[in-house]
Amino acid sequence: MKRIGLLSRKGGVGKTLCSMALAQVLSERYRVAVLDIDPEGSAQAWASSALRQDTPLPYAVYSAVAAAGMDRVDYLVVDTPPNDPKTLASVARESDFVFIPVQPGEGEMDRLEPTLDVLRSGHFKSGAQLGVILNFAERDNLSLAMPAALEQLGYPLVASIKKSVEYRRAFGGLLSPELLEPFR
C-alpha cells in the first residue's frame, strides 16, 4: 500500500479538498481509502454528505478509530489536522508521497516553512517524494508569481489549483472531471 500524506501546519489551505480529489482520481484505477485524522472530521463529513445525497464515493473514508480494512487498498490518502507537528511528523514518516497545499501570498510562504521544518527534522520517509500544491490560485500578480517563488526556494510545485466556487459546491459529492484535471 502506498501512502499519500497531505500536510500543513496551517489550517484552511485545502488539505481535505486535495485529499478527496486525489482519492477520486486514484479510485479510477486503484483501490483507495482516505484516512481522516483531523479532529474536525471534514473528510468524514464529506463522505456522510455524499451518502445522504445518495451519491456514494468510489472510495472509503475512515476515521482514525474505525480504520479497519485500510490494508486492503492500493493507496491510502491521509488528511491531517493543522498545527499538530507530532501528527504531521508521524504521517510524514509513513508516507510515500507528501503534498503540502499552500495558498498564494507571502504570509502563506511563511507558514510553509514550519511544515517543512517538521520534515527537515528527520521526519520524512527515505525515498518519499515531496510536492507543493498551490491551492486557490487566482489570475492576479501574486498567484502568478508563486510558482517562480516556490521554484527559487527549491520547493517542487506539482499542481496549481485555480480558485473556484465549484470546489466548495462539490463538498459532499464527486468532483466534476474539469475540477479533477489538475489532480491528475
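For the structure itself, look to the data block above.
No experiment lies behind these values; they were computed from the predicted model shown.

Undergrad: Which residues make up the side chain of D38, and what values go with them?
TA: Of note, D38 is situated in the loop between β2 (32–36) and α2 (42–52). Although D38 is buried, it forms no salt bridge, and the closest oppositely charged side chain is K15 at an N-O distance of 5.6 Å. In this structure D38 touches D79, T80, P81 and P82, once residues within four positions along its chain are discounted.

Undergrad: I'd like to hear about the sheet that holds strand β3 (residues 60–63), residue by residue, with values.
TA: Strand order in the open sheet formed by 7 strands is β3-β2-β4-β1-β5-β6-β7, and the pairing between neighbours is parallel. Strands at the two margins of the open sheet, each flanked by one partner only, are β3 and β7 (157–162). Across the sheet, the mean angle from the axis of one strand to that of its neighbour is 20°, orientation sign disregarded.

Undergrad: So what's going on with the pairing of β2? Which residues, and what values?
TA: Burial analysis of β2 places 5 of its 5 residues in the buried class, which makes it a mostly covered element. When β2 meets β3, the two strands line up parallel, connected through 4 bridges. Its bridge partner being in β3, A33 is matched across the sheet by A60. In this view, the connection linking β2 to its parallel neighbour β3 by way of α2 has right-handed handedness.

Undergrad: With reference to specific residues and values, describe the nonpolar core.
TA: The tendency in soluble globular proteins is for nonpolar side chains to be buried side by side. Ranked by internal contacts, the top residues of the largest apolar core, which has 30 residues, are I4, L6, V77, L175 and F183. Breaking this core down by element, the ones donating at least two residues are β1 (2–6), α1 (15–26), β2, α2, β4 (75–79), β7 and α7 (177–180). When residues in this core are grouped by element, the largest group, 8 residues, is from α1. For L175, the residues in contact, after removing those within four places along its chain, are L17, A21, Q24, W46, Y167, A170 and L180. V73, L76, A92 and V132 belong to the second largest nonpolar core, which has 25 residues in total.

Undergrad: Go over the pattern of salt bridges with me, naming the residues and quoting the values.
TA: What the rule picks out here adds up to 9 salt bridges. We note a salt bridge from D96 to K125, for which the minimum N-O separation is 2.8 Å. Of the two residues, D96 sits in the loop between α3 (85–94) and β5 (97–102) while K125 sits in the loop between α4 (106–120) and β6 (129–137), which places them 29 residues apart along the sequence. Its relative accessible area of 16% is what places D96 among the buried residues. Salt-bridge contacts for E113 lead to R120; the nearest nitrogen and oxygen are separated by 3.1 Å. Judged by its relative accessible area of 26%, E113 is partly exposed. Via salt bridges that share partners, E28, E181 and R184 belong to a single interconnected network.

Scoring rules and cut-offs
Every chain begins its residue count from 1, and numbering advances along the sequence as written. Restriction of local features to residues with pLDDT of at least 70 applies here, the model being predicted, together with a cutoff of 80 or more for giving and counting side-chain atom pairs; totals for whole chains, interfaces and linings are based on all residues. Only hydrogens and water are set aside when side-chain values are computed; all heavy atoms of the structure are taken into account. By the criteria applied, helices consist of DSSP H or I runs no shorter than four residues and strands consist of E runs no shorter than two, each listed in order from the N terminus. For the exposure calls, accessible area comes from a 1.4 Å probe over protein chains only, and a residue counts as buried if that area is under 20% of its type's maximum, exposed if over 50%, partly exposed in between. Charge counting treats Lys and Arg as positive and Asp and Glu as negative, with His and both chain ends excluded. One side-chain nitrogen of Lys or Arg within 4 Å of one carboxyl oxygen of Asp or Glu is enough to make a salt bridge. Should any heavy atoms of two residues lie within 4.5 Å, those residues are counted as being in contact. Two strands are counted as paired when DSSP detects at least two bridges linking them. What counts as an axis is a line fitted to C-alpha atoms, over the stretch in contact for a helix, and the angles between N-to-C directions run from 0 to 180 degrees. The definition of a right-handed crossover adopted here requires that, viewed with the strands pointing away, the path from the first strand over the helix to the second runs clockwise. The definition of a nonpolar core used throughout is a set of buried Ala, Val, Leu, Ile, Met, Phe, Trp, Tyr and Cys residues joined through side-chain atoms within 4.5 Å.

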